[in-house]
Amino acid sequence: MVSEQQLEDLGHIRSLMDRSSRFLSLSGLSGVWAGAVALVGAWLAHAHISSFVGTDRDPVTYGSLEDVDYIGFVVRMLGLATGVLALALLGAFWFTWRRSRSLGQGLWNDTGKRLLWNMLIPLGTGGLFGLALFSYGLPGLVAPATLIFYGLGLVNASKYTLTELRWLGLCEVGLGLVALTWIGAGLLFWAIGFGVLHIVYGAVMWFRYESPERSERP
């Protein structure tokens, strides 16, 4: 018969093994930051697109770009997207680095590397796929595709960290599939997926794992 003390010891060992195999330094504040930056970026993109193609037409559907400088449009949008992505990543890195220090967990350990690579493969594939859609003159499909690939990347990486990341990934995939039914609202779905969902996810993570009330619990 296994004693109660032995069961407790086994549970403790299993908990330690689970912690050693998961990257626990993801900060909820990094999600809030990334979401806020994405919303600002979506607002700037909307203003830029409206000035580029006119306010009387839907700037995301195929026909609205037939008589404008399409190459110039793509270059400017990619520049804006690159700036928003860089700012979001810098902030997310800083918040995650700060949390890793407070937990005493290395930021670039084996688990962190596995998480990163498992997320980068779908993300890189989705980025190249989105560029191909732009090059073939199909901008309306870029938003659904990027949301779906991003969600798949989060789901793929979630096995190395907290389960909340999986739920965020599934929501991103579902939102991307819905966006396929409303091609003209790509910017709106981007704002919801990369902005609102990130803020909600980050707030949940912070209240569950980082809030002062949580840290004071035994």
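Residues numbered from 1 in each chain as written. Predicted model: local features only at pLDDT ≥ 70, side-chain atom pairs only at ≥ 80, totals over all residues. Heavy atoms only, no water.

Undergrad: Honestly, the overall build of the protein chain in this entry has me stumped. Any pointers?
TA: For the protein chain, the count of helices and strands is eight helices and zero strands. Considering only intrachain contacts with a sequence separation of at least 6, the fraction spanning at least 24 residues in the protein chain is 76%. Accessible surface for the protein chain amounts to roughly 12600 Å². Of this, 69% is attributable to carbon and sulfur atoms. (Helix = DSSP H or I, 4+ residues; strand = E, 2+ residues; numbered from the N terminus. Contact = heavy atoms within 4.5 Å. Areas by Shrake-Rupley, 256 points an atom, 1.4 Å probe, with all protein chains shown as cover.)

Undergrad: When you look at helix α5 (residues 142–157) in this model, what are you seeing that I'm missing?
TA: What sets the pattern is the α-helix's 3.6 residues per turn: residues three or four places apart point alike. Compared with an ideal rise of 1.5 Å per residue, which puts 16 residues at 22 Å, α5 spans 22 Å between its outermost C-alpha atoms and is within 8% of the ideal. Of all 16 residues making up α5, 13 are buried, and the element is well covered by its neighbours. (Expected span 1.5 Å × (residues − 1). Buried < 20%, exposed > 50% of the residue type's maximum accessible area, 1.4 Å probe, protein only.)

Undergrad: Explain the packing of aromatic side chains to me, please; I cannot follow it from the model alone.
TA: Centre distance and the angle of the planes are the two values used to describe a pair of aromatic rings. If you walk through the whole model with that rule in mind, you get five aromatic pairs. With a centroid separation of 5.1 Å and 85° between ring planes, the pair formed by W206 and F207 is classed as edge-to-face. Accessibility expressed as a relative area gives 25% for W206, which makes it partly exposed. Taking relative accessible area as the criterion, F207 reaches 58% and is therefore assigned exposed. (Phe/Tyr/Trp six-rings, centres within 6.5 Å; stacked < 30°, edge-to-face > 60°.)

Undergrad: Explanation requested: the packing of α5 against helix α6 (residues 164–179) in the structure shown.
TA: Two quantities define a packed helix pair, namely the angle between the helix axes and the distance between the axes. Following both chains from N to C, one finds α5 and α6 inclined at 160°, their axes separated by 7 Å at the closest point. As summarised for this structure, α5 and α6 are arranged roughly antiparallel, according to the angle between their axes. Helix-helix and strand crossings are classified by hand; for α5 and α6 the assignment is left-handed. Judged by residue contacts, P144, L147, I148, Y150, G151, L152, L154, V155 and A157 of α5 engage L165, R166, L168, G169, L170, E172, V173, L175, G176, L177 and A179 from α6. (Axes fitted to C-alpha atoms, helices over the stretch in contact; angles between N-to-C directions. Parallel < 35°, antiparallel > 145°, perpendicular 65-115°, else oblique. Left-handed = near helix turned anticlockwise from the far one by under 90°.)

Undergrad: What's the story with the packing of helix α4 (residues 110–135) against α5 in this structure? I'm lost.
TA: The contact between α4 and α5 brings their axes to 8 Å, and the two run at 170°. In terms of their interaxial angle, α4 and α5 are classed as roughly antiparallel. Across from L115, N118, M119, P122, L123, T125, G126, F129, G130, L133 and F134 in α4, the residues of α5 making contact are V142, A145, F149, Y150, L152, G153, L154, N156 and A157.

Undergrad: Mind showing me how you'd approach the confidence of the model for the protein chain here?
TA: In regions of low pLDDT, the predicted coordinates are not meant to be interpreted in detail. Scored by pLDDT, the protein chain has a mean of 76; 71% of the residues are at 70 or more. Mean pLDDT across the secondary structure elements of the protein chain bottoms out at helix α1 (residues 4–20), with 45, and peaks at α6, with 93. Note on residues 9–21: pLDDT under 50 across the span, and five contacts to partners over four residues away in sequence or across chains. Note that residues 58–64 has pLDDT below 50 and, in this model, 20 contacts with residues that lie over four places away or in other chains. (pLDDT = per-residue confidence, 0-100.)

Undergrad: Before we go on, may I ask you to explain the side chain of N118 in this structure?
TA: Of note, N118 is situated in helix α4. Judged by relative accessible area, which is 18%, N118 ranks as buried. Among all residues touching N118, those that are not within four sequence positions of it are G153, N156, A157, K159 and Y160.

Undergrad: Honestly, the nonpolar core in this entry has me stumped. Any pointers?
TA: For soluble globular proteins, nonpolar side chains are generally found buried alongside one another. In terms of nonpolar packing, the biggest core is built from 19 residues, with L154, L165, F189 and Y201 touching the most fellow members. Not counting residues up to four positions away in its chain, the partners in contact with L154 are M119, L165, L168, G169 and E172. Membership of the second largest hydrophobic core comes to six residues, among which are A45, I49, M77 and A191. (Core = buried A, V, L, I, M, F, W, Y, C linked by side-chain atoms within 4.5 Å.)

Undergrad: Mind showing me how you'd approach the side chain of S158 here?
TA: Summarising the element assignment, S158 is placed in the loop between α5 and α6. Exposure remark for S158: the relative accessible area of 2% places this residue in the buried category. A polar atom in the side chain of S158 sits 2.7 Å from the backbone oxygen of V155. (Polar contact = N/O pair within 3.5 Å; in protein donor to acceptor, adjacent residues only side chain to side chain.)

Undergrad: I would appreciate a short explanation of helix α7 (residues 186–210) in the present structure.
TA: Between its terminal C-alpha atoms α7 stretches 33 Å, which fits the 36 Å expected from 25 residues at 1.5 Å a residue. Taking the largest bend as the criterion, α7 deviates by roughly 30°, centred on I192. (Bend = angle between axes of the 7 residues up to and from the residue.)

Undergrad: I keep staring at a nonpolar patch on the surface and nothing clicks. Help me out?
TA: On the surface, a cluster of nonpolar side chains totalling about 270 Å² of accessible area is made up of L39, V196, V200 and V204. For the nonpolar patch, the element with the most residues is α7, which contributes three residues. Mapped onto the fold, L39 is located in helix α2 (residues 28–53). (Patch = residues over 30% accessible without salt bridge, like charges linked within 9 Å, V, L, I, M, F, W, Y side chains within 5 Å. Salt bridge = Lys/Arg side-chain N within 4 Å of Asp/Glu carboxyl O.)

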